[in-house]
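Coordinates in review
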Amino acid sequence: MSVNSIVEQFAIKLVSDLRKSLKDKNVTYGGGQESRLAASIKYKISYSKGLTMDISMNDYYKFVDQGRGPGPAWSQKKRGQGSNNESPFSSKILKWVKKDPKQEGMAKKFAQEKKMPFNKAAKTLAFLIYRKIRKEGYKGNYFFTNIINDGRQELLAKQIREEYGKEIKNNLDKWQSQ
């Protein structure tokens, strides 16, 4: 097996394991489908300046992985980009509340209990979620940290060292036999 093959197999397994980790931690998109974050996880192997492997994903992965502390989720410059001068963050939460079956069910139940239209109940639920995040932050689920620190990097390094050792030995054997 070549070093290139070892790195490619590593990348394929890493992407697969990261996606599975998100799903196992219930980071899904409406109805248990793969989340946008999971769908964004990709790898790229380049040979232009030696062998390099890059993993890419939506940049908010760090908040899903590590969480965030309390505080506003937008800069003052962005305020007013949502409807009715609401934060863009709470308008994103509203979209999520309306699309995610679990959240949508909570909004419907809330609407029935309070005898209000669904849209108003959904906005109220989105605001409450936003307010809790703003006041308390939220914990990360370590979907990335746990996978990347599970010993696979050390195993990759060992496999590459062993493969390079074989290649060097084969080249020396060929050189000596000439």
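Here the structure is a predicted model, which means the values were calculated and not measured.

So, how was this worked out
Residues numbered from 1 in each chain as written. Predicted model: local features only at pLDDT ≥ 70, side-chain atom pairs only at ≥ 80, totals over all residues. Heavy atoms only, no water. Axes fitted to C-alpha atoms, helices over the stretch in contact; angles between N-to-C directions. Helix = DSSP H or I, 4+ residues; strand = E, 2+ residues; numbered from the N terminus. Parallel < 35°, antiparallel > 145°, perpendicular 65-115°, else oblique. Left-handed = near helix turned anticlockwise from the far one by under 90°. Contact = heavy atoms within 4.5 Å. Nonpolar A, V, L, I, M, F, W, Y, C, P; charged D, E, K, R; others polar. Salt bridge = Lys/Arg side-chain N within 4 Å of Asp/Glu carboxyl O. Buried < 20%, exposed > 50% of the residue type's maximum accessible area, 1.4 Å probe, protein only. Phe/Tyr/Trp six-rings, centres within 6.5 Å; stacked < 30°, edge-to-face > 60°. Patch = residues over 30% accessible without salt bridge, like charges linked within 9 Å, V, L, I, M, F, W, Y side chains within 5 Å. Areas by Shrake-Rupley, 256 points an atom, 1.4 Å probe, with all protein chains shown as cover. Lys, Arg positive; Asp, Glu negative; His and termini not counted. Charge placed at Lys NZ, Arg CZ, Asp CG, Glu CD. Core = buried A, V, L, I, M, F, W, Y, C linked by side-chain atoms within 4.5 Å.

Overview of the packing of helix 1 (residues 3–24) against helix 8 (residues 152–177)
As a packed pair, helix 1 and helix 8 sit with axes 9 Å apart at the nearest point and diverge in direction by 165°. By the angle between their axes, helix 1 is roughly antiparallel relative to helix 8. For the pair helix 1 and helix 8, the sense of crossing is right-handed. Counting all contacts with helix 1, which are made through Val3, Ile6, Val7, Phe10, Lys13, Leu14 and Asp17, the residues of helix 8 involved are Arg152, Gln153, Leu156, Gln159, Ile160, Glu163, Tyr164 and Glu167. Grouping the amino acids of the contact of helix 1 with helix 8 by side-chain chemistry returns 8 nonpolar, 2 polar and 5 charged.

What to know about the pattern of salt bridges
Summed over the entire model, instances satisfying the criterion amount to 9 salt bridges. Linking arginine 152 and aspartate 150 is a salt bridge whose minimum nitrogen-to-oxygen distance equals 2.8 Å. Note on arginine 152: relative accessible area 13%, which makes it buried. When the shortest N-O distance is used, the salt bridge between aspartate 173 and lysine 169 registers 3.0 Å. Of this pair, aspartate 173 and lysine 169 both sit in helix 8, separated by 4 residues, roughly a single helical turn.

Regarding the packing of aromatic side chains
Counted by the stated rule, this structure contains 2 aromatic pairs. Every member of this aromatic cluster is reached through a ring pair, and the members are Tyr61, Phe143 and Phe144.

What to know about a positive patch on the surface
A grouping of Arg36, Lys92, Lys95 and Lys99 is seen on the molecular surface, where their side chains present a positively charged patch. Mapped onto the secondary structure, lysine 99 falls in helix 4 (residues 88–99).

Concerning the environment of proline 117
Mapped onto the elements of the fold, proline 117 is located in the loop between helix 5 (101–114) and helix 6 (118–136). When the C-alpha atoms of proline 117 and alanine 107 are compared, they prove to be 9.7 Å apart, with 10 residues separating the residues in sequence.

A short note on the nonpolar core
Within the largest apolar cluster, 20 residues are counted, with the highest numbers of intra-cluster contacts made by Leu18, Leu22, Ile41, Met57 and Phe143. Among the elements of the structure, helix 1, helix 2 (36–40), helix 7 (143–148) and helix 8 are those that each provide at least two residues to this core. If one sorts the elements of this core by residue count, helix 1 sits on top with 8 residues. Once residues within four sequence positions are removed from consideration, phenylalanine 143 is found in contact with Leu18, Ser21, Leu22, Lys25, Leu37, Ile41, Met57, Tyr61, Val64 and Asp65. Core analysis: the next-biggest nonpolar cluster, separate from the first, contains 10 residues, Leu94, Val97, Ile129 and Ile133 among them.

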